[in-house]
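Here is what each chain is made of, one letter per residue.
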Amino acid sequence: QVQLVESGGGLVQAGGSLRLSCAASGMIFRINDMGWYRQAPGKQRELVAHIISSGSTNYADSVKGRFTISRDNAKNTVYLEMNSLKPEDTAVYYCNAGGLTSFLVKPFEVWGQGTLVTVSS
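Residues numbered from 1 in each chain as written. Predicted model: local features only at pLDDT ≥ 70, side-chain atom pairs only at ≥ 80, totals over all residues. Heavy atoms only, no water.

Residues and numbers for the sheet that holds strand β8 (residues 77-82), please.
One open sheet holds the 4 strands; their spatial order is β1-β3-β8-β7, and the pairing between them is antiparallel. Looking at which strands have only one partner, the edges of the open sheet turn out to be β1 (2-7) and β7 (67-72). Taken over all neighbouring pairs, the strand axes of this sheet differ in orientation by 15 degrees on average, direction set aside. Two elements, β7 and β8, share 6 bridges in a ladder whose sense is antiparallel. Note on β8: the bridge partner recorded for Thr68 is Glu81. (Pairing = 2+ DSSP bridges. Helix = DSSP H or I, 4+ residues; strand = E, 2+ residues; numbered from the N terminus. Axes fitted to C-alpha atoms, helices over the stretch in contact; angles between N-to-C directions.)

Printed below as a string of structure tokens:
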């Protein structure tokens, strides 16, 4: 199976920065796409940023120019650099990955356990 482990969440003041990391491990043949989603209290989970194996990215309009997603394919790790944080960025951030397992080359999609980001005003 494939697992994701996130790290890097925490409490930060408005205007500050945080860097989230998400490492994939297990029976991985290839990871095609990785992304970060977030869910604020009382709201639906939403896409924050997404990156495919070629490096092509897309972002939610609300984070464009402030957040940067990147990945290290050799380490099966995706990062989210968050700058100029706002109180409305407060949420649980979840990592997501999709690809093929090394066992029978089956497709997979997995989620991390989530990491809390709190931005104080």
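Can you explain the pattern of salt bridges? Please cite residues and give values.
Evaluated as defined, the whole model comprises 5 salt bridges. One salt bridge in this structure joins Arg19 and Glu81, with 3.7 Å as the shortest N-O distance. Of the two residues, Arg19 sits in strand β3 (residues 18-26) while Glu81 sits in strand β8, which places them 62 residues apart along the sequence. Residue classification places Glu81 among the partly exposed positions, given a relative accessible area of 30%. Between Asp89 and Arg66 there is a salt bridge; the shortest N-O distance is 2.7 Å. Within this pair, whereas Asp89 is found in the loop between β8 and β9 (91-101), its partner Arg66 is found in the loop between β6 (57-59) and β7, the two being separated by 23 residues in sequence. One network of salt bridges, with partners in common, ties together Arg38, Glu46, Arg66 and Asp89. (Salt bridge = Lys/Arg side-chain N within 4 Å of Asp/Glu carboxyl O. Buried < 20%, exposed > 50% of the residue type's maximum accessible area, 1.4 Å probe, protein only.)

Break down the packing of aromatic side chains for me, with residues and values.
This model, assessed by the stated rule, comprises 1 aromatic pair. The aromatic ring of Tyr94 is capped on one face by Arg45, whose charged end is 3.8 Å from the ring centroid. Lying over the aromatic face of Trp111, Arg45 brings its terminal NZ or CZ to 4.7 Å of the ring centre. (Phe/Tyr/Trp six-rings, centres within 6.5 Å; stacked < 30°, edge-to-face > 60°. Lys NZ or Arg CZ within 6 Å of the ring centre and 35° of its normal.)

Tell me about the state of the cysteines, residues and numbers included.
Counting across every chain of the model gives 1 disulfide. A sulfur-sulfur distance of 2.1 Å marks the disulfide that ties Cys22 to Cys95. Looking along the S-S bond of the Cys22-Cys95 disulfide, the torsion reads about -85 degrees, which is the left-handed sense. Note that Cys22 is positioned in strand β3 and Cys95 in strand β9, a separation of 73 residues in sequence. With respect to burial, Cys22 and Cys95 carry one shared label: buried. (Disulfide = S-S within 2.5 Å.)

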